Amino acid sequence: QVQLVESGGGLVQAGGSLRLSCVASGRTFTFSSEAVGWFRQAPGKEREFIARVSASGAIPNYADSVKGRFAISKVNAKNTVYLQMNNLKPEDTAVYYCGLYVKGSIWASSGYNNWGQGTQVTVSS
């Protein structure tokens, strides 16, 4: 069984920065073989793709809404994926989740599993 734990959320003013972490653990699990995605979900809305990084960490993908502001990175030696979020906006307010990519569209939450519990990000104007 693989577990993902997100952390690093909080309250920040518009224009500020946060760095989220997603730490993976599990007995029969090779983190370096897994692509990982970040999604977010605001109240009353569907889970929305933010970013994904390939298993090696070399290839990132971003939603247009965060391109140029957010950066995803993967440190396989630490079983950790980071999401650096800069120039935050009030519309970035949501619970942020990480998940392991399984199959299908990289842009859809249905393509991921082993979701963590999420971390709340609140951006004040």
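Residues numbered from 1 in each chain as written. Predicted model: local features only at pLDDT ≥ 70, side-chain atom pairs only at ≥ 80, totals over all residues. Heavy atoms only, no water.

Participant: Whenever I open this one, the state of the cysteines confuses me. Can you help?
Facilitator: The bond known as a disulfide is covalent and runs between the sulfur atoms of two cysteines. Taken as a whole and assessed by the stated rule, the structure comprises 1 disulfide. Each sulfur in the disulfide pair Cys22 and Cys98 lies 2.1 Å from the other. Judged by the sign of its S-S torsion, about 80°, the bond between Cys22 and Cys98 is right-handed. On the criterion of sequence distance, the pair formed by Cys22 in strand β3 (residues 18-25) and Cys98 in strand β9 (residues 94-101) is long-range, its members being 76 residues apart. (Disulfide = S-S within 2.5 Å. Helix = DSSP H or I, 4+ residues; strand = E, 2+ residues; numbered from the N terminus.)

Participant: I'm lost on the sheet that holds strand β8 (residues 80-85) in this one. Help?
Facilitator: Strand pairing in a sheet relies on backbone hydrogen bonds. The paired strands run either parallel or antiparallel. Strand order in the open sheet made by the 4 strands is β1-β3-β8-β7, with antiparallel pairing throughout. Strands with a single pairing partner mark the edges of an open sheet, and in this sheet they are β1 (3-7) and β7 (70-75). When strand polarity is set aside, the average angle formed by the axes of neighbouring strands in this sheet is 15°. The pairing of β3 with β8 spans 6 bridges and is antiparallel. (Pairing = 2+ DSSP bridges. Axes fitted to C-alpha atoms, helices over the stretch in contact; angles between N-to-C directions.)

That is the geometry; function is a separate question.
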